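Working through the structure, step by step
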Amino acid sequence: WVDFVPTLSQQPAQLVERQRRKLKPDEYKRIHETARKRYQDILDLPEDERDNQKLDLYYQFHLWILIVSNTGIRPPEGRVERLLIRWEDIHETPDGSRFLKRRNEKSHLNYEAVIQPNAHQYIDALRDLQKRRGVKTDYLFAHTFDKLNRRGFRKGDPIKSFKRQWDTTLKLAGLDSPVGTPQR
């Protein structure tokens, strides 16, 4: 019935235009300082006025920024729980070097990221926080208190995403983009 099969040309993917731009050093510094100020402001309050739940969450977000930037990993999304960073993913060699195992969507080892030596203190700080709060968990970033509401969690459950804190920090640092802004 047909003498030939037509081939339709597809538009190019325009990957360069869709690619997110890299952070500039001064932008990273503003993000880092803003995240630090958020938990530092709570620490500056008298102890009986502190909101320890917010303090722990803001502090872990600040450490998350430092760990992600000192390992070069792509932060995992919280929708796939098996991709969240676990304590067992950190491998230490006899010479004191540390590596972070990153798995792909099918749970196969994708690569090992070097944890820069100056970031070891941030991982140790997370471990100390969990020990101080009595948190038993397999996850690097975990809730330190129970919050039993409709989107609740229990102490030790993983923090699945820092997206809301990321967005808030960008706004406070003056770096947010309105919805619809091209990624480039």
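Preceding block: the structure.
Quick caveat: nothing in here was measured; it's all calculated off a predicted structure.

Details of the packing of aromatic side chains
Evaluation of the coordinates by the stated rule reveals six aromatic pairs. With 5.6 Å between their ring centres and 50 degrees between their planes, Phe61 and Phe162 make a pair best called tilted. Highlighted residues: Phe61 in helix α3 (residues 52–71) and Phe162 in the loop between α4 (120–132) and α5 (163–172), separated in sequence by 101 residues. By relative accessible area, Phe162 is classed as buried at 6%.

Description of the side chain of Thr144
With respect to the helices, strands and loops of the structure, Thr144 is situated in the loop between α4 and α5. A distance of 2.6 Å separates the side chain of Thr144 from the side chain of Asp56, its partner in a polar contact.

Concerning the pairing of strand β2 (residues 98–103)
Only one face of β2 is buried: it carries Arg98, Leu100 and Arg102, and the other face, with Phe99, Lys101 and Arg103, is open. Alignment of strand β1 (residues 90–92) against β2, held across three bridges, turns out to be antiparallel. Across the sheet, Ile90 pairs through a bridge with Leu100, a residue of β2. Where β1 folds back on β2, the antiparallel hairpin that results is connected by five residues, among which Gly96 adopts a positive phi of roughly 95 degrees.

Section: the nonpolar core
Grouped together as the largest cluster of nonpolar side chains are 28 residues, with contacts concentrated most on Trp64, Ile67, Ile90, Leu126, Leu140 and Phe141. Secondary structure elements with two or more residues in this core: α2 (25–43), α3, β3 (109–115) and α4. If you tally residues by element for this core, the top one is α3, at seven residues. Here Leu140 is in contact with Gln60, Ile67, Ile85, Arg86, Trp87, Ile90, Leu126 and Gln130, once residues within four sequence places are set aside.

Considering the packing of α3 against α4
Closest axis-to-axis distance for the α3/α4 pair is 9 Å, and the angle between their directions is 155 degrees. It follows from the interaxial angle that α3 and α4 lie roughly antiparallel. Helix-helix and strand crossings are classified by hand; for α3 and α4 the assignment is left-handed. Side by side, α3 and α4 meet where Asp56, Tyr59, Gln60, Leu63, Leu66, Ile67 and Asn70 of the first sit next to Tyr122, Ile123, Ala125, Leu126 and Leu129 of the second. A breakdown of the residues in the contact of α3 with α4 according to their chemical character gives nine nonpolar, two polar and one charged.

Reading the values: rules and limits
Residues numbered from 1 in each chain as written. Predicted model: local features only at pLDDT ≥ 70, side-chain atom pairs only at ≥ 80, totals over all residues. Heavy atoms only, no water. Phe/Tyr/Trp six-rings, centres within 6.5 Å; stacked < 30°, edge-to-face > 60°. Helix = DSSP H or I, 4+ residues; strand = E, 2+ residues; numbered from the N terminus. Buried < 20%, exposed > 50% of the residue type's maximum accessible area, 1.4 Å probe, protein only. Polar contact = N/O pair within 3.5 Å; in protein donor to acceptor, adjacent residues only side chain to side chain. Pairing = 2+ DSSP bridges. Core = buried A, V, L, I, M, F, W, Y, C linked by side-chain atoms within 4.5 Å. Contact = heavy atoms within 4.5 Å. Axes fitted to C-alpha atoms, helices over the stretch in contact; angles between N-to-C directions. Parallel < 35°, antiparallel > 145°, perpendicular 65-115°, else oblique. Left-handed = near helix turned anticlockwise from the far one by under 90°. Nonpolar A, V, L, I, M, F, W, Y, C, P; charged D, E, K, R; others polar.

Worth remembering: the numbers are spatial, not functional.
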